[in-house]
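Examination of the molecular architecture
What follows is each chain in one-letter form.
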Amino acid sequence: MPHPMSSQSAASKPIPKSSGRPNQLFRNLNSKIALTPMMLVAAVVFFGGTVWTVIYSFTNSRLLPRASFVGIDQYERLWASSRWIISIQNLLVYGILSLIFSLVVGFVLAALMDQKIRFESAFRTIFLYPFALSFIVTGLVWQWILNPEFGVQGIVRSLGWTSFTFDPLYNPDIVIYGILIAGLWQGTGLVMCLMLAGLRGIDEDIWKAARVDGIPMWRTYIFVVIPMMRPVFITTLVLIGSGIVKLYDLVVAQTSGGPGNASEVPAKYVYDYMFQAQNLGQGFAASTMMLLTVAIIIVPWAYLEFGGKKRG
Amino acid sequence: MANVSILNATGAAIDAVRTEVAAGPRGKRPKKVLSGRNIMVYGTLGLAALYYLLPLYVMVVTSLKGMPEVRLGNIFSPPMEITFEPWVKAWAQACTGLNCDGLSRGFWNSVRILVPSVIVSIAVASVSGYALANWRFKGSELFFSVLIIGAFIPYQVMIYPLVIILREIGIYGSLTGLVIVHTIFGMPILTLLFRNYFAGLPEELFKAARIDGAGFWQIYGRIMLPMSLPIFVVAIIIQVTGIWNDFLFGVVFTRPDTYPMTVQLNNIVNSVQGVKEYNVNMAATLLTGAVPLIVYFVSGRLFVRGIAAGAVKG
């Protein structure tokens, strides 16, 4: 992404060593002025804010932030809290399943769309429109569809199968799958689109060669095309992954964390402790854990993506 | 010949011709239309499309029924008697807490948040992207990398410091505060978008303008802006849908009377008091989803381009 032009940055040094320019500081002054708001934001909010939160996660702040440090107390309390443990488990289940399903479903749909089919743009429009909707809207619709009295369960029962049970939003054991159904509905269209773009980037000759060699289509996909699409998969993985960690609105809309606290997620834990339970320290510690999780996903990817490009 | 031109006139006619050819005696060709493979392809896609369309259908259908009919049971059945009352009620009478003036309040709040946020964030980001693409200086690349990393930091880590800052300035809880927040968090992705676009324009244009004596703002206003209409549209799409759909910032940075539409919607539907009016809830949900849906259906391909670039925002 960012570096194709860096070798041509001659533009930025219009008059290389003219003695008329007194100071490095004033070179491209307008550019620097234009970037000032952005730099302030990056320095104060992105960098400063993050560091501030991490530092204050080591204090015992409650209603207001206080700089009385208590070491890793907040983290010990966090990991001893059953609600946090449930949040993490939910996030793991949701995360792993939504990665697998959205990649598989997204790829299969993209592969089908790539068969030179008719009505391609109609199908694309249908698969992608949920992505335009907010998680709140998504959550509320699926709350209604999964309503045990009127929704899917009610209908199947009214057809005569009276013992049929499908009430994910009211059953603590499976509530996270109810959220998963909604999340997949909203997000797989995007994965499909990214995958389709990747498939369109594959050279036609590959397909011809595979056909000449008599390799069946599914084998070509698995052994030739998918390995060739590695960059697309990695990008998609990073996008879905960093989105999953932020999972919040969907849960709030669909279940408000219930029944009990069976569908709590880390982002909701952070919000509740910061703005409702007036326990800032816990909120800071939990959000620092979220930051750590994202870092674990992003750092290797950034290293591969940007570190690799510089060498090549 | 006339025959052929008539056949070409409609897609359905072409269809017919192809089936005819396929059913014809030439043996090897039938694969094209009714092969097992095609049935599989269209069958799967059709089923998937059904799954994706179902919730929209259920929303529309439920919102057009009266409550007695909703209670009768089948959420998939079309309304026997179409009523627009739930829509009116959702828009003008639904209650959140003590306010009973419906979603209209949230709608107008969202509009008042949306318009300035979109304008300011795009103005700042396009200038920044332009500076980063064409007027590099020592450290600008590093700065850019920091900005991109900023796009991945979970908002939860930066929210509280931002609350403190806004409280100090005295705009915490106001619409202005939320506009600033949206502008800040829209910056990384928009700057990336504009920088990559400007970097892709032919450099000769920029050099020629430099030689003719144009400065920073002149080149931006007279050369870059007129050439970058499509990317501005993409940026607008990203921002309009993103800001309209936001929930987290709305709930953190506003008060009940300044709640944006999504927050108000959630409060209406998930309120524990009173009898649940599912038809009103679905009408309200549709109303909230309408703006991004309209943007989506109107913008078509540009939306796809926008989300490919904007997906980072998650």
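Remember, it's a predicted structure, so these values are computed and weren't measured experimentally.

What counts, and where the lines are drawn
Residues numbered from 1 in each chain as written. Chains lettered and ligands numbered in written order. Predicted model: local features only at pLDDT ≥ 70, side-chain atom pairs only at ≥ 80, totals over all residues. Heavy atoms only, no water. Axes fitted to C-alpha atoms, helices over the stretch in contact; angles between N-to-C directions. Helix = DSSP H or I, 4+ residues; strand = E, 2+ residues; numbered from the N terminus. Parallel < 35°, antiparallel > 145°, perpendicular 65-115°, else oblique. Left-handed = near helix turned anticlockwise from the far one by under 90°. Contact = heavy atoms within 4.5 Å. Buried area = accessible area lost by both parts, 1.4 Å probe. Polar contact = N/O pair within 3.5 Å; in protein donor to acceptor, adjacent residues only side chain to side chain. Nonpolar A, V, L, I, M, F, W, Y, C, P; charged D, E, K, R; others polar. pLDDT = per-residue confidence, 0-100. Core = buried A, V, L, I, M, F, W, Y, C linked by side-chain atoms within 4.5 Å. Buried < 20%, exposed > 50% of the residue type's maximum accessible area, 1.4 Å probe, protein only. Domains from an automatic or database assignment. Phe/Tyr/Trp six-rings, centres within 6.5 Å; stacked < 30°, edge-to-face > 60°. Lys NZ or Arg CZ within 6 Å of the ring centre and 35° of its normal.

Structural notes on the packing of helix H8 (residues 140-152) of chain B against helix H10 (residues 175-200) of chain B
Residues and elements named next belong to chain B.
- It is the contact of H8 with H10, at a shortest axis distance of 8 Å, that shows an interaxial angle of 130°. Classified by the angle between their axes, H8 and H10 sit oblique to one another. The way H8 lies across H10 gives a crossing that is left-handed. In contact with Glu141, Phe144, Leu147, Ile148 and Ala151 of H8, H10 contributes Pro188, Thr191, Leu192 and Arg195.

Observations regarding the interface of chain B and chain A
- Each partner contributes residues to the interface: chain B has 93 residues there, and chain A has 90 residues.
- With both chains or domains summed, chain B and chain A bury close to 8600 Å², and 75% of this area falls on carbon and sulfur atoms.
- The largest contributions to the chain B side of the interface with chain A come from Tyr52(B), Phe152(B) and Tyr160(B), which together make up 10% of the buried area.
- Our count for the contact surface shared by chain B and chain A stands at 14 residue pairs in polar contact (both at pLDDT 80 or more).
- Considering each element in turn, the side of chain B that touches chain A owes the most residues, 16 residues, to helix H4 (residues 36-63) of chain B.
- For the side of chain B that touches chain A, the residue count by class is 63 nonpolar, 18 polar and 12 charged.

Here we look at the packing of helix H15 (residues 261-269) of chain B against helix H16 (residues 278-299) of chain B
Residues and elements named next belong to chain B.
- Running from N to C, H15 and H16 point in directions that differ by 170°, and their axes come no closer than 10 Å. Here H15 is positioned roughly antiparallel relative to H16, judged by the angle of their axes. Note on element contacts: H16 touches H15 through Asn281, Ala284, Thr285, Leu287 and Thr288, opposite Met261, Thr262, Leu265, Ile268 and Val269.
- Tallied by class, the residues present in the contact of H15 with H16 amount to six nonpolar, four polar and no charged.

Considering the confidence of the model for chain B
- Looking at chain B as a whole, the pLDDT averages 82, with 87% of positions reaching at least 70.
- This model gives residues 1-14 of chain B a pLDDT under 50, and the stretch forms four contacts once residues within four places in sequence are excluded.

Some remarks on the nonpolar core
- By size, the foremost hydrophobic cluster in this structure holds 184 residues, and its most contacted members are Phe46(A), Phe127(A), Leu45(B), Tyr130(B), Phe185(B) and Phe253(B).
- Broken down by element, the residue count for this core peaks at 14 residues, all from H10(B).
- Looking at which domains feed residues into this core, each of domain 1 (2-83) and domain 2 (104-313) of chain B gives three or more.
- In this structure, Leu45(B) is in contact with Leu109(A), Leu112(A), Met113(A), Ile117(A), Phe123(A) and Phe127(A), ignoring residues within four places of it in sequence.

Quick notes on H15(B)
- Buried residues dominate H15(B), accounting for eight of its nine residues.
- Its buried side turned inward, H15(B) meets helix H5 (135-145) and helix H11 (249-254) of chain A together with helix H7 (104-134), helix H13 (229-245), helix H14 (248-253) and H16 of chain B.

Brief notes about the packing of aromatic side chains
- Taken as a whole, this structure holds 45 aromatic pairs over all chains when the rule is applied.
- Between the aromatic rings of Trp52(A) and Tyr160(B), the centroid separation amounts to 6.3 Å while the plane-to-plane angle is 15°, which identifies the pairing as stacked. Separated into two different chains, Trp52(A) in helix H1 (residues 29-56) and Tyr160(B) in helix H9 (residues 155-169) make up a pair that spans both.
- Residue classification places Tyr160(B) among the buried positions, given a relative accessible area of 4%.
- Ring centres 5.7 Å apart and planes at 40° place the aromatic pair Trp144(A) and Phe150(A) in the tilted group. The same class applies to Trp144(A) and to Phe150(A), which are both buried.
- Each member of the aromatic cluster is reached from another via a ring pair, and the members are Tyr130(B), Trp135(B), Phe194(B), Tyr197(B), Phe198(B), Phe206(B), Phe216(B), Trp217(B), Tyr220(B) and Phe232(B).
- Over the aromatic face of Tyr155(B) sits the side chain of Lys246(A), whose NZ or CZ is 5.0 Å from the ring centroid.
- It is Arg195(B) that lies over the ring of Phe144(B); its NZ or CZ is 4.3 Å from the centre.

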